[in-house]
Amino acid sequence: MIIEIDTQVLANEKLTPTQFFILRLLIEENYIILKEWYESIDNLNIGQELRQLIELEFLASLNEGETIDFSKFVVLTKGYKLLGMDRDWFQELIDIYPVKVIRSDGVKDYLRTDLERCRKIYKRLTGGNISKHERIMNALRFETEARKRDGSMAYMKRLPKWLASEEWRVFHERMLDEQSHGETEEDMGYGNELI
Amino acid sequence: MAMNLSNKILPLRNIKDPTNEIVKYIADRRAGIVRSLKTRWPKFNEQCMGGIEPNTIYTVAGISGSGKSAFANSLETDLFDLNPETEFVVLSFNFEMLSSRQVGRKISYKLAKTTQQLYGSGKEKLNEAEYHAVLEEARKIERYPIYYVDVPGNVDEIKTTILHFMELPEIKGKWIVIFLDHTLLTKGRLGNSERETLSDLQHMFMEIKKYGSNTVIQLSQLNREIETTERIVKPNLHFPIRRDIFGSESIFQASDYLFVLHRPELLGIKEYGPSGWDVPNLIYMHILKNREGKPAIIKFKNNLKHNRIDQHDENNST
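The present account deals with the structure reproduced in this document. (Residues numbered from 1 in each chain as written. Chains lettered and ligands numbered in written order. Predicted model: local features only at pLDDT ≥ 70, side-chain atom pairs only at ≥ 80, totals over all residues. Heavy atoms only, no water.)

1. A word on the overall build of chain A
- Along chain A, the regular secondary structure elements total 10 helices and 4 strands.
- Listed N to C, the secondary structure of chain A is α-α-α-α-β-β-α-α-β-β-α-α-α-α in terms of helices and strands.
- Burial analysis of chain A (195 residues in total) assigns 37% to the buried set.
- Nonlocal contacts in chain A, meaning residues at least 24 apart in sequence, comprise 62% of its contacts between residues at least 6 apart.
- With an accessible surface of roughly 11,600 Å², chain A has 50% of that area assigned to carbon and sulfur atoms. (Helix = DSSP H or I, 4+ residues; strand = E, 2+ residues; numbered from the N terminus. Buried < 20%, exposed > 50% of the residue type's maximum accessible area, 1.4 Å probe, protein only. Contact = heavy atoms within 4.5 Å. Areas by Shrake-Rupley, 256 points an atom, 1.4 Å probe, with all protein chains shown as cover.)

2. Topic: the side chain of N290 of chain B
All names here are of chain B.
- For N290, the location among the structural elements is in strand β7 (residues 282-290).
- Residue classification places N290 among the buried residues on the basis of a relative accessible area of 7%.
- Within polar-contact distance, the side chain of N290 engages the backbone oxygen of Q47 at 3.0 Å.
- Excluding its chain neighbours within four sequence positions, the residues that come into contact with N290 are Q47, D256, Y257 and P295. (Polar contact = N/O pair within 3.5 Å; in protein donor to acceptor, adjacent residues only side chain to side chain.)

3. With respect to the pairing of strand β8 (residues 296-303) of chain B
Residue and element names in this part refer to chain B.
- Counting buried residues along β8, 7 of its 8 residues qualify, which places the element largely inside the surrounding structure.
- Here 6 bridges tie β7 to β8, and the two strands are oriented antiparallel to one another. Bridge pairing links M285 to I298 in β8.
- A loop of 5 residues connects β7 with β8, the two strands running antiparallel in sequence. (Pairing = 2+ DSSP bridges.)

4. Regarding the interface of chain B and chain A
- Chain B puts 18 residues into the contact, and the matching count from chain A is 12 residues.
- Between chain B and chain A, roughly 1,400 Å² of surface is buried when both sides are summed, and carbon and sulfur atoms account for 59% of that area.
- Between chain B and chain A we count 1 salt bridge in total.
- Our enumeration of links across chain B and chain A arrives at 3 residue pairs in polar contact (both at pLDDT 80 or more).
- Elements supplying a minimum of two residues to the side of chain B that touches chain A: α2 (42-47) and β8 of chain B.
- With 4 residues, β8 of chain B is the largest single contributor of residues to the side of chain B that touches chain A.
- Of the residues in the side of chain B that touches chain A, the class split is 10 nonpolar, 3 polar and 5 charged. (Buried area = accessible area lost by both parts, 1.4 Å probe. Salt bridge = Lys/Arg side-chain N within 4 Å of Asp/Glu carboxyl O. Nonpolar A, V, L, I, M, F, W, Y, C, P; charged D, E, K, R; others polar.)

5. Focus on helix α1 (residues 16-31) of chain B
- In this model α1 of chain B runs 22 Å from its N-terminal to its C-terminal C-alpha over 16 residues, within 8% of the 22 Å that 1.5 Å per residue would give.
- Count one or two residues on from α1 of chain B and you reach G32 of chain B, which has phi positive near 80°. (Expected span 1.5 Å × (residues − 1).)

6. Some details on the pairing of β7 of chain B
Residue and element names in this part refer to chain B.
- The buried fraction of β7 amounts to 8 of the 9 residues, a majority that puts the element mostly inside the structure.
- Two strands pair when backbone bridges link them, and strand β6 (residues 257-262) and β7 are joined in this way by 6 bridges, in the antiparallel orientation. Across the sheet, residue H262 finds its bridge partner in β7, namely Y284.

7. Some details on the nonpolar core
- In this structure, F44, F71, F259 and M285 of chain B are the most contacted members of the largest nonpolar core, which totals 35 residues.
- It is helix α3 (residues 68-82) of chain B that contributes the most residues to this core, 5 residues altogether.
- Apart from the residues lying within four places of it in its own chain, the contact partners of M285 of chain B are F44, F71, F259, V260, L261, A296, I297, I298 and F300 of chain B.
- Core analysis: the second largest hydrophobic core is formed by 22 residues, W89, L93, M156 and L163 of chain A among them. (Core = buried A, V, L, I, M, F, W, Y, C linked by side-chain atoms within 4.5 Å.)

8. Focus: the packing of helix α6 (residues 89-96) of chain A against helix α7 (residues 115-126) of chain A
Residue and element names in this part refer to chain A.
- Interaxial distance between α6 and α7 falls to 10 Å at its minimum, and their mutual angle equals 115°. Where α6 crosses over α7, the handedness of that crossing is right-handed. The residues of α7 that touch α6, namely those facing W89, F90, Q91, L93 and I94, are L115, C118, R119, Y122 and T126.
- Tallied by class, residues from the contact of α6 with α7 come to 7 nonpolar, 2 polar and 1 charged. (Axes fitted to C-alpha atoms, helices over the stretch in contact; angles between N-to-C directions. Left-handed = near helix turned anticlockwise from the far one by under 90°.)

9. Topic: unusual backbone geometry
- Following D181 of chain B, the chain continues to H182 of chain B via a peptide bond in cis, the omega torsion being -10°.
- With respect to the helices and strands, H182 of chain B occurs in the loop between β4 (175-181) and α8 (194-208).
- One non-glycine residue, E57 of chain A, lies in the positive phi region at around 65°.
- Of note, E57 of chain A is situated in the loop between α4 (46-55) and β1 (59-61).

10. Regarding the sheet that holds strand β3 (residues 146-149) of chain B
Residues and elements named next belong to chain B.
- Taking strand neighbours across the sheet as the criterion, the 9 strands line up as β3-β2-β4-β5-β1-β6-β7-β8-β9 in an open arrangement whose pairing is mixed. On the outer flanks of this sheet lie β3 and β9 (308-311), each paired with one strand and no other. Each adjacent strand pair in this sheet contributes to an overall mean axis angle of 25°, direction not counted.
- Against the sheet, helix α7 (residues 155-167) makes contact with β2 (88-94), β3 and β4, and its axis sits at roughly 155° relative to β2, the strand it touches most.
- The strands touched by α8 within the sheet are β1 (56-62), β4 and β5 (215-221), with β5 carrying the most contacts at an inclination of about 160°.

11. Examining the environment of S61 of chain A
Residues and elements named next belong to chain A.
- Mapped onto the elements of the fold, S61 is located in strand β1.
- By relative accessible area, S61 is classed as partly exposed at 32%.
- In sequence terms S61 and V75 are 14 residues apart; their C-alpha atoms lie 8.8 Å from each other.
- Look past the residues within four positions of S61 in its chain and what remains in contact with it is I54, K72 and F73.
- Separated by 3.1 Å, the side chain of S61 and the backbone nitrogen of N63 make a polar contact.

Have a look at this one:
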């Protein structure tokens with residue numbers, strides 16, 4: 001299992017990576033992996049980590065006494081929010097995906113097709129990872145801006161193909177490249193400054 | 001083969017003379033003796049050494065309907081209104097329309113009425129009060145020292161007319177702002193192509209600007225390249241460039257300042273340029289050549305129905 005962690009989120013919420021990891025597995029109800037993991041680590045005081053999550057109001061416990069039954073922990077709204085699970089990520093993607101384009105032969109084409117299948121693909125693609133969702137969203141925003149600038153909107157893929165071919169990866173790379181070279185939207189070239 | 005060598009020797013000047021001239025110019029500008037003629041567009045003034053300068057050629061190009069004539073027409077009278085302390089006259093070669101229509105546009109501009117309203121060509125007719133306002137404005141306009149030539153001529157005729165005008169007793173020694181609307185309507189000599197005529201015109205203007213304090217403001221056309229589908233659909237190619245100007249080489253060489261007024265909405269463009277700038281009711285002035293500064297773009301508000309264009313202010317449109 002691969003989990004990405006946004007260190008800025010940890011700093012903001014005063015969480016340790018261990019607490020973040022525990023919370024993530026509890027949300028996914030991945031109790032077996034959680035148990036195997038913590039039993040394999042020496043010197044890990046799981047009770048203390050859980051207590052801190054409760055104090056920070058990410059969790060509530062229905063356990064009695066000192067017993068730890070992971071299935072009796074309830075993730076609170078703050079916990080879902082931390083992992084972005086309170087939002088409909090796919091809907092967020094749809095909201096910014098272009099509705100239609102004019103193909104190079106002049107025909108109008110609608111891009112948001114086969115939404116149920118796309119929802120499943122997107123869930124699998126993001127794997128519950130909000131960082132990945134944010135990355136895809138940024139890449140899509142960049143792609144639409146870039147295509148508008150370049151006049152290549154006609155070549156924007158329909159959503160099922162866009163997801164299946166992971167088109168966002170190409171534009172994510174391009175975005176990072178342009179940012180590393182200091183190119184911005186406002187960089188209009190010599191003589192093109194609007195005053 | 002025999003060569004036809006001209007016996008005319010061009011005048012030689014030691015560098016001392018132009019050096020003294022420029023030092024005097026700097027001193028005069030410093031002391032406020034030499035001032036540019038302010039226009040009513042502060043951003044334009046900022047980019048162009050404070051406004052319109054003597055001994056300078058300004059070219060304003062654009063496609064039909066981009067506001068070139070409105071720009072020039074507005075300048076013609078604004079310069080007098082905004083610079084009452086400076087003595088100058090305007091000589092306007094208006095080959096495109098009758099000078100009376102040009103004055104009609106000025107009245108439209110001053111009274112914020114469309115020319116259709118003024119001429120009563122629509123449903124609305126002027127009422128008595130409005131008609132009196134027109135008469136009053138006309139009396140004011142006729143006092144401007146503006147002289148029109150609305151009969152098209154060739155390059156030699158334009159030159160002779162300017163030289164004759166400069167020698168008139170009431171004009172002699174004054175700063176003359178010469179307008180030409182527009183370059184492509186200049187008649188060609190027999191056998192000359194349009195481009196040759198344009199080139200001759202530019203050479204003539206380069207000579208004329210060196211006499212006295214002459215300023216030339218010429219209007220010109222763009223070729224059709226900016227209207228191609230590729231240019232319209234690709235935002236990176238939206239902005240006008242040098243080669244969009246008809247006869248670009250000679251005009252570019254001769255001009256000290258070269259502006260292109262562009263209304264992207266005329267070409268069906270919804271968002272302008274790579275950053276998707278707004279389009280409705282806007283005119284973009286692209287400064288393609290600025291002899292004393294950097295090229296840039298100025299945004300104007302289109303008020304062409306009243307024959308004026310206004311500088312666009314993001315916070316408070318003026």
